[in-house]
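If you want the building blocks of each chain, they are given just below.
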Amino acid sequence: LVGLSWILRQRTAIEPSVPVGVSLEESSILLYPLVYWPITGNRQSFTDNALANVDAYLKVGGMVLMDTRDYSKTSVSSSEVRQSKSLLRKVLAALDPPPLLPVPEGHALRQAFYLINDFPGRWDGGDVWVERYEGGVNDGVSSLIIGENDWGAAWALSPGGNPLFPLVPGGEPQRERSFKFGVNLVMYALTGNYKGDQVHIPSILGRLQRNAVPAQD
């Protein structure tokens with residue numbers, strides 16, 4: 001995340017502070033706009049307190065990127081894949097989010113800063129899922145994003161700015177696409193659907209003109 005923060009400072013007006021690690025068991029995460037959660041499968045369960053912490057965070061508008069990091073099955077053992085998927089299912093069962101669907105066309109993740117069509121990390125090709133909110137709930141913003149492309153490894157840079165992990169199969173062009181997704185992700189966490197809302201500007205202006213109070217002489 002330090003690497004992604006460096007990219008944000010170089011390319012946008014965002015000036016993020018140093019990323020920090022948090023304990024879902026003990027730390028309050030309510031003040032963080034975005035939590036990156038790599039699902040490693042190293043632990044089998046979470047306490048009710050930890051899950052309640054995440055649930056409360058999502059309900060007040062926080063955003064979590066859950067990353068199982070296992071799209072390339074050669075990168076991890078089959079037992080690790082099963083553990084991470086099992087843990088993800090347990091977490092989702094506890095949180096009971098709205099229905100999930102692959103990121104649709106026109107979603108703010110595709111256009112919050114860059115116009116992008118895919119979301120690669122260290123691996124390229126895994127599905128990325130978001131919540132499907134209807135009826136204006138949460139202003140239509142997806143607070144839960146789930147994928148398996150290992151974005152943390154793609155964004156990781158040394159103190160000298162050099163990449164720490166190779167990207168498969170696309171190499172450095174894939175890393176650039178991954179950084180663009182990371183920038184869009186942070187923009188989405190901070191600004192919600194403002195890009196999508198722009199399409200409604202003509203109707204909003206028309207409504208304001210119709211409802212305007214005539215000037216007094």
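**Considering the overall build of the protein**
Summing up its helical and strand segments, the protein has seven helices and five strands in all. Looking at the protein residue by residue over its 217 residues, the buried ones come to 41%. In the protein, 73% of the contacts between residues at least 6 apart in sequence involve partners at least 24 apart. Element-wise, carbon and sulfur atoms account for 55% of the exposed surface of the protein, whose accessible area totals about 12000 Å².

**A short note on the side chain of Arg-110**
Within the element layout of this structure, Arg-110 appears in the loop between strand 3 (100-102) and strand 4 (129-131). Despite being buried, Arg-110 has no salt bridge partner; Glu-105 is the closest side chain of opposite charge, sitting 4.0 Å away. There is a polar contact of 2.8 Å between the side chain of Arg-110 and the backbone oxygen of Val-103. A distance of 3.1 Å separates a polar atom in the side chain of Arg-110 from the backbone oxygen of Asn-117.

**Brief notes about the confidence of the model for the protein**
Summary statistics for the protein give a mean pLDDT of 84 and a share of 77% for residues scoring 70 or more. Put simply, helix 6 (residues 194-197) is where the protein has its lowest mean pLDDT, 54, and helix 4 (residues 151-155) is where it has its highest, 97.

**So, helix 5 (residues 171-191)**
The end-to-end C-alpha separation of helix 5 is 30 Å, in line with the 30 Å expected for 21 residues at 1.5 Å each. Positive phi shows up at Gly-192, right after helix 5, with a value of about 65°.

**Let's talk about the environment of Val-64**
As for its position among the elements, Val-64 is in strand 2 (residues 63-67). The sequence separation of Val-64 and Val-35 amounts to 29 residues, and the corresponding C-alpha distance is 4.8 Å. With sequence-adjacent residues up to four places away left out, Val-64 is seen in contact with Val-35, Trp-37, Tyr-57, Leu-58, Ser-143, Leu-144 and Ile-145.

**Overview of helix 1 (residues 2-11)**
Those residues of helix 1 that sit buried are Gly-3, Leu-4, Ser-5, Ile-7 and Leu-8. Turning to helix 1, the residues buried within the fold contact helix 4 and helix 5.

**Some thoughts on the sheet that holds strand 1 (residues 34-38)**
Through backbone hydrogen bonds, the strands of a sheet pair up, either in parallel or in antiparallel fashion. Across the sheet, five strands lie side by side as 1-2-5-4-3; this open sheet has mixed pairing. At either margin of the open sheet sits one strand with a lone partner, and together these are strand 1 and strand 3. Adjacent strand axes in the sheet meet at a mean angle of 20°, parallel and antiparallel pairs treated alike. Of the pairings in the sheet, the one linking strand 3 to strand 4 comprises three bridges and is antiparallel in character. In the strand pairing of strand 4, Leu-101 is matched with Val-130.

Quick notes on the rules
- Residues numbered from 1 in each chain as written.
- Predicted model: local features only at pLDDT ≥ 70, side-chain atom pairs only at ≥ 80, totals over all residues.
- Heavy atoms only, no water.
- Helix = DSSP H or I, 4+ residues; strand = E, 2+ residues; numbered from the N terminus.
- Buried < 20%, exposed > 50% of the residue type's maximum accessible area, 1.4 Å probe, protein only.
- Contact = heavy atoms within 4.5 Å.
- Areas by Shrake-Rupley, 256 points an atom, 1.4 Å probe, with all protein chains shown as cover.
- Lys, Arg positive; Asp, Glu negative; His and termini not counted.
- Salt bridge = Lys/Arg side-chain N within 4 Å of Asp/Glu carboxyl O.
- Polar contact = N/O pair within 3.5 Å; in protein donor to acceptor, adjacent residues only side chain to side chain.
- pLDDT = per-residue confidence, 0-100.
- Expected span 1.5 Å × (residues − 1).
- Pairing = 2+ DSSP bridges.
- Axes fitted to C-alpha atoms, helices over the stretch in contact; angles between N-to-C directions.

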